[in-house]
Amino acid sequence: MPALRVAIGNNKGGAKKTTLTVRLAEALAKSGKRVGVLDFDPQGNASRRLGWQDTPETPPLTAAEAVEYDKHQVIHEGQAAQVWQPIGWTAPYAERIRLIPARYTLEDRATEAGMKGAWRRLAKALHGTDDDLDYVLIDCPPSLGHLTQMALAAAHFALASSEPEYDSIEAAVRYRDFVGNSGDDLGNPDLRFLGVVVGGYDMRIGAHVGQLDGARDIFGDAIWGVVPRRAVVTNADEYGEPLGAISDSHEVRAVFELLAQRFMKEVAPA
Ligand SMILES: Nc1ncnc2c1ncn2[C@@H]1O[C@H](COP(=O)(O)OP(=O)(O)O)[C@@H](O)[C@H]1O
Ligand SMILES: [Mg+2]
């Protein structure tokens, strides 16, 4: 059976998508789960934050190669197998996380949207390569374009991330509605929207308080949780380290561990 795949998205940048992807992976791995992180944003932020190092001199195998056509314009079932690799963290639970990294060359795949079966490429390439994992978290780019569509065609579930700000919440709603409307068109009618995590919340900012209220009206119980804005999160992301390696991070670690609990409950076979 394939891993349960979750596409983490929002139609806006800065929505804390990558932080949610990386910290959920960390919390899930800490609780014993085997997690794949598929970086599907050409910015490659998830890859770097997981300690992966790009080497421009000897271009490595990345998501761009995982979904690349061969010279006959064919995608081979399971061709992503060669691209999964370990992450750079040294924490013991990091062994349970593996990565398909991304670099800017993934953008080349986006331009191939018109080619035969283009949006099914990822589903086909992943086939059989994640059977030994519990979950795959797909970090989507801030767009509803071809890369995100490929991710949604391969995923079982979609989870939104949002800042507690108007444009971000509006873009999370667009992601939710896009997921809701696109399953059939993407050949994936069972695709299910899970909910939204609000990240970077600062209760001292009036607009955040107001927007969180607004988000509760829109999403109700589908708001999985609220991650407070904390320097330790920025620092862990900056240094490319697990939160577990950053001192005074216990409060936010507990928040992500709680999110992981809900994740493990809701991300289950139908
Ligand atoms: N809870 C938080 N507290 C403080 N900074 C955060 C928090 N969550 C995310 N950040 C920071 O916010 C910035 C944007 O987050 P990121 O995950 O890169 O967004 P996206 O992937 O949606 O573009 C990053 O610098 C990240 O480290
Ligand atoms: Mg990102």
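I will try to describe carefully the structure that is included in this document. From a predicted model like this one, the values you see are computed outputs, not experimental measurements.

**Some details on the sheet that holds strand S1 (residues 4–9)**
And step 1. With respect to topology, eight strands assemble into an open sheet ordered S3-S4-S2-S5-S1-S6-S7-S8, the strand pairing being mixed. Two strands close off the open sheet at either side, each with one partner strand: strand S3 (85–86) and strand S8 (223–228).
And step 2. Inspection of the sheet shows strand S2 (residues 35–39) paired to strand S5 (residues 135–139) by five bridges, in the parallel sense. Counted as the bridge partner of Gly-36 is Val-136 from S5.
And step 3. With respect to the sheet, helix H8 (residues 206–219) is in contact with strand S7 (192–201) and S8, its orientation differing from that of S7 by roughly 170°.

**Examining the nonpolar core**
A general trend in soluble globular proteins is that nonpolar side chains are found buried together.
And step 1. Ranked by size, the top nonpolar core spans 51 residues in total, and within it Leu-38, Phe-40, Leu-122, Ile-138, Tyr-175 and Phe-219 carry the most contacts.
And step 2. Put simply, the parts of the chain that give this core at least two residues each are helix H3 (63–66), helix H5 (121–126), S5, helix H6 (146–154), strand S6 (157–162), helix H7 (166–182), S7 and H8.
And step 3. Not counting chain neighbours up to four residues away, the residues in contact with Phe-40 comprise Ala-63, Val-67, Leu-106, Leu-122, Ile-138, Asp-139, Pro-141, Leu-147, Met-150 and Ala-151.
And step 4. Judged by nonpolar contacts, the second largest core, of 41 residues, contains Trp-52, Ala-91, Leu-137 and Phe-256.

**A word on the site of ligand 1**
And step 1. Among the 16 residues in the neighbourhood of ligand 1, the closest are listed as Gly-14, Lys-17, Thr-18, Arg-49 and Asp-237.
And step 2. A distance of 2.9 Å is found between an oxygen atom of ligand 1 and a backbone nitrogen or oxygen belonging to Thr-19.
And step 3. A distance of 2.7 Å is found between an oxygen atom of ligand 1 and a side-chain nitrogen or oxygen belonging to Asp-237.
And step 4. Coverage of ligand 1 by the protein amounts to 85% of the 570 Å² it exposes when considered alone.

**A short note on the environment of Pro-101**
And step 1. One can find Pro-101 in the loop between strand S4 (97–100) and helix H4 (107–110).
And step 2. Distance in space between the C-alpha atoms of Pro-101 and Gln-53 is 9.3 Å, their sequence separation being 48 residues.
And step 3. Other than its neighbours up to four places away in sequence, Pro-101 contacts Asp-39, Ser-47, Trp-52, Leu-61, Thr-62, Ala-63, Val-83 and Gln-85.

**A short note on the packing of H6 against H7**
And step 1. H7 packs onto H6 with a crossing angle of 55° between their chain directions and a minimal axis gap of 11 Å. What the angle tells us is that H6 and H7 run oblique. Where H6 crosses over H7, the handedness of that crossing is right-handed. Contacts between H6 and H7 pair Thr-148, Gln-149 and Leu-152 from the former with Tyr-175, Phe-178 and Val-179 from the latter.
And step 2. Classifying every residue of the contact of H6 with H7 by side-chain character gives four nonpolar, two polar and no charged.

About the cut-offs
Residues numbered from 1 in each chain as written. Chains lettered and ligands numbered in written order. Predicted model: local features only at pLDDT ≥ 70, side-chain atom pairs only at ≥ 80, totals over all residues. Heavy atoms only, no water. Pairing = 2+ DSSP bridges. Helix = DSSP H or I, 4+ residues; strand = E, 2+ residues; numbered from the N terminus. Contact = heavy atoms within 4.5 Å. Axes fitted to C-alpha atoms, helices over the stretch in contact; angles between N-to-C directions. Core = buried A, V, L, I, M, F, W, Y, C linked by side-chain atoms within 4.5 Å. Buried < 20%, exposed > 50% of the residue type's maximum accessible area, 1.4 Å probe, protein only. Near = heavy atom within 4 Å. Polar contact = N/O pair within 3.5 Å; in protein donor to acceptor, adjacent residues only side chain to side chain. Areas by Shrake-Rupley, 256 points an atom, 1.4 Å probe, with all protein chains shown as cover. Parallel < 35°, antiparallel > 145°, perpendicular 65-115°, else oblique. Left-handed = near helix turned anticlockwise from the far one by under 90°. Nonpolar A, V, L, I, M, F, W, Y, C, P; charged D, E, K, R; others polar.

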